[in-house]
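Each chain is listed here by its residues.
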Amino acid sequence: MEESLSVILLQRIAILSVIAYIFSHTRAFRYLFKEETTLREQFILMLFFSALSVGGTYMGVPVEGALVNVRDTGVVVGGLLCGPLVGGVAGIIGGLHRIFIGGFTAVECGISTILAGFLAGYIHYRMRPRTPEVVTGMVTSTTVVLFSMGLIWFLAKPDIVAQSLVIQALLPMVLANGLGIAAFMIIIYNAREHQTKIAAIQTHKALHIANATLPYFRQGLNRLSAEKVATTVRYITGAAAVAITNQHTVLAHVGLGADHHPAGGPIVTSVTKECIQSGQIMTARNGREIGCSNAECPLHSAVLAPLLCREKIVGAFKLYYSRDDAMNQLDIEFAQGLGQIFSTQLELASLQQMSEMATKAELKALQAQVNPHFLFNALNTIVSLCRTDSEQARTLLIELSDFFRRTLKSSREFVSLQEELELVDSYLVLEKARFGPRLKVEKEIDATMLGIQVPAFILQPLVENAVKHGLLARESGGMVGLNITQRAGHMEICVYDDGLGIEEKVMEKILLLGYGKGTGVGLTNVNERLKVLYGPSYALKMESVPGEGTRIYLRIPIHAHEREEYHA
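Student: In this structure, what is going on with helix H8 (residues 223-237)? I would like to understand it.
Tutor: Residues lying three or four places apart along an α-helix face the same way, a consequence of the helix completing one turn every 3.6 residues. The terminal C-alpha atoms of H8 lie 21 Å apart, and with 15 residues this matches the ideal 21 Å at 1.5 Å per residue to within 8%. Along H8, the residues that are buried comprise Ser225, Ala226, Val229, Ala230, Thr232, Val233 and Ile236. Down the axis of H8, the buried set is contained in an arc of 165 degrees. They therefore lie on one face. Looking at where H8 begins, the residue whose side-chain oxygen comes 3.1 Å from the main-chain nitrogen of Leu224 is Asn222. Just beyond H8, the residue with positive phi is Gly238, at close to 75 degrees.

Student: Would you explain the confidence of the model for the chain in this entry?
Tutor: Close inspection of predicted coordinates is inappropriate in any region flagged by low pLDDT. Confidence along the chain averages 81 in pLDDT terms, with 84% of residues attaining 70 or more. For the stretch residues 560-568, pLDDT sits under 50, and the model shows 14 contacts to residues farther than four places along the chain or on other chains.

Student: Would you mind going over the sheet that holds strand S6 (residues 301-309) with me for this structure?
Tutor: Two orientations exist for strands paired in a sheet by backbone hydrogen bonds: parallel and antiparallel. If you trace the five strands from one edge of the open sheet to the other, you get S4-S3-S7-S6-S5, paired in antiparallel fashion. The two strands at the open ends of the sheet, each matched to only one other strand, are strand S4 (250-255) and strand S5 (282-284). Shown here is a sheet whose adjacent strand axes are inclined to one another by a mean of 15 degrees, direction ignored. For S5 and S6, the ladder comprises three bridges, and the chain directions are antiparallel. Of the residues in S6, the one forming a bridge with Met282 is Leu304. Running at roughly 145 degrees to strand S7 (residues 312-321), helix H9 (residues 270-278) makes contact with strand S3 (241-245), S5, S6 and S7 of the sheet.

Student: Whenever I open this one, the packing of helix H4 (residues 84-101) against helix H5 (residues 106-126) confuses me. Can you help?
Tutor: Packed helix pairs are specified by the crossing angle of their axes together with the interaxial distance, meaning the distance between the axes. At a minimum axis distance of 7 Å, the contact between H4 and H5 shows a crossing angle of 175 degrees. On the basis of the axis angle, H4 is roughly antiparallel to H5. The residues of H5 that touch H4, namely those facing Pro84, Gly87, Gly88, Gly91, Ile92, Gly94, Gly95, Arg98 and Ile99, are Ala106, Val107, Cys109, Gly110, Thr113, Ile114, Gly117, Phe118, Gly121 and Tyr122. Residue composition of the contact of H4 with H5, by class: nine nonpolar, nine polar and one charged.

Student: When you look at the packing of aromatic side chains in this model, what are you seeing that I'm missing?
Tutor: For any pair of aromatic rings, geometry is given as the distance between the ring centres together with the angle between the planes. The final tally for this structure, using the stated rule, is four aromatic pairs. Aromatic pair Phe317 and Phe342: ring centres 5.1 Å apart, planes at 85 degrees, arrangement edge-to-face. Here Phe317 is found in strand S7, whereas its partner Phe342 is found in helix H11 (residues 329-369), with 25 residues between them in sequence. Taking relative accessible area as the criterion, Phe317 reaches 0% and is therefore assigned buried. Measuring from ring centre to ring centre gives 5.7 Å for Tyr534 and Tyr538, while their planes differ by 55 degrees; the resulting arrangement is tilted. Each member of the pair, Tyr534 as well as Tyr538, carries the same accessibility label: buried. In textbook terms, an aromatic cluster arises when at least three aromatic residues are bridged by ring pairs, as seen for Phe48, Phe49 and Phe184. Arg551 extends its terminal NZ or CZ atom over the ring of Tyr496, reaching a point 4.7 Å from the ring centre. Stacked on the ring of Tyr538, the Lys or Arg Arg555 has its end atom at 4.6 Å from the ring centre.

Student: What am I meant to see in the sheet that holds strand S11 (residues 478-487) here?
Tutor: Spatially, five strands are ordered S9-S11-S12-S14-S13 in an open sheet, and the strand pairing comes out mixed. At either end of the open sheet lies a strand with only one pairing partner, and these are strand S9 (439-445) and strand S13 (541-545). This sheet shows a mean twist of 10 degrees between the axes of neighbouring strands, independent of strand direction. By the bridge criterion, seven bridges tie S9 to S11 in an arrangement that is parallel. Paired with Lys440 across the two strands is Met479, which belongs to S11.

Student: Help me understand the pairing of S4 in this model?
Tutor: Remember that side chains alternate between the two faces of the sheet whenever the strand is regular. Across the six residues of S4, five count as buried, placing the element largely inside the fold. The hairpin formed by S3 and S4 contains four residues between the paired strands.

Student: What is the right way to look at the pairing of strand S12 (residues 490-497) in this model?
Tutor: In terms of burial, S12 is a largely internal element, seven of the eight residues being buried. Inspection of the sheet shows S11 paired to S12 by eight bridges, in the antiparallel sense. In the strand pairing of S12, Ile484 is matched with Ile493. With antiparallel pairing between neighbouring strands as the criterion, S11 and S12 make up a hairpin whose turn holds two residues, including Ala488 at a positive phi of roughly 50 degrees. Here S12 runs beside strand S14 (residues 549-557); their pairing, made up of eight bridges, is antiparallel. The residue of S14 that forms the bridge with Val495 is Ile552.

Calculation rules
Residues numbered from 1 in each chain as written. Predicted model: local features only at pLDDT ≥ 70, side-chain atom pairs only at ≥ 80, totals over all residues. Heavy atoms only, no water. Helix = DSSP H or I, 4+ residues; strand = E, 2+ residues; numbered from the N terminus. Expected span 1.5 Å × (residues − 1). Buried < 20%, exposed > 50% of the residue type's maximum accessible area, 1.4 Å probe, protein only. Arc of directions from axis to C-beta. Polar contact = N/O pair within 3.5 Å; in protein donor to acceptor, adjacent residues only side chain to side chain. pLDDT = per-residue confidence, 0-100. Contact = heavy atoms within 4.5 Å. Pairing = 2+ DSSP bridges. Axes fitted to C-alpha atoms, helices over the stretch in contact; angles between N-to-C directions. Parallel < 35°, antiparallel > 145°, perpendicular 65-115°, else oblique. Nonpolar A, V, L, I, M, F, W, Y, C, P; charged D, E, K, R; others polar. Phe/Tyr/Trp six-rings, centres within 6.5 Å; stacked < 30°, edge-to-face > 60°. Lys NZ or Arg CZ within 6 Å of the ring centre and 35° of its normal.

This is the structure we're talking about:
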């Protein structure tokens, strides 16, 4: 009988082992290894191990009017893995359930189960970090079974039946519960090690990606940096596709689906729009949830993380897979971690750019104030006029004096539009004196806007760029124009010329940090200052046709407190 009882109990343990294996693949499994668990997570673990204990009772084998079972397996495992609270509650529920079923050993078995939960929890608290889990589990199980059998031997009535039960059940229960707990712990231990290894690999990948992409995001979030980052991430992760967007446009899409998700095109997937709108990590388990309008799209699942800079959502980072429901929880956490890393990199790049721009703005102002070439050319022009037209020479000296006075007199970040236009006029007067009829000027300005505050040195670099690079390189010169109007709460400005224009390959890079030189730095500086002051949507817009000219558009929001009265 003892041999057949051992076989039956081992069969019950095999069932519990299958349950342990299934449990190791559930979300609740991850709660076992968190440093701190919430009350909800602890409640889920209590329910699981209590159910395991109750199930062990129902799987018991009737012997001498009692149940020989593996009830204590769930209680001991719960206490060893989760501590006194989970083990104690599972023991109380399993023990009270055993007492409720009844039988001449009900009270003794119930008490031993309750004590088993608290004993295992105490061992978890005091000894688990220094003791192998499997050995600890088997020793604890043996102790609990011996204690239970001792209670039955000395307290259960009638004595002869109780002692006969102990003789038959002692060895099978020690063996079955010990092996059951060992199997349960080994399965969970292996699953935890697997999770740990995967997490370590993901962490290594994330650190590798962070190190590899930092130089790119120093340039800010643009098509060039996004393409390099997406290519790097796909190479390291092996994802089917990697994409990065800003708020409205696909900046880069590398991998499957690139033919109908082109860089520079609008965002077409509904899940991306939802991610950017909500600012939350999103998952798409199938192609329908991705929401691509192309029925042949090879992308079948995705995880998306929002990109933030200065607490504003500026875009989205996306990992795509070629199979339905291909990502697991670790993949989701990995994508979320990358999104946070990229957001931090963008934040650092923005802070660095702001710091650099503050320095560059000072330097550029000084260069504009005492530009050796500009000053040299202006003085040469005045000297040549001293003998032929002394009155004009005098006028130009006054203009030159005014020009430098305006650039030197204030370090304010904002000035009125009128003040900015006076600086532009002084510059143009001096350039017209030098180049004569080759330089023509055209202006159309809404006079009601003259008191509006604008960033200092925001127009003069644009006009200077148009004159020097658009017109003066042509023998015939040309015309530079300035149009300023008011529309929808914004000052809309257009600086244009009919000069050489800009080649398409140069236009793609002309506003990137570090690309320009000479007055090109001023153009980039204006663009970056506008984005820092008002946001990415206020960047410069440029149109150019080689041989026909260039137009530069900018917008400045009008705020009531920025308006000043101006009297001509």
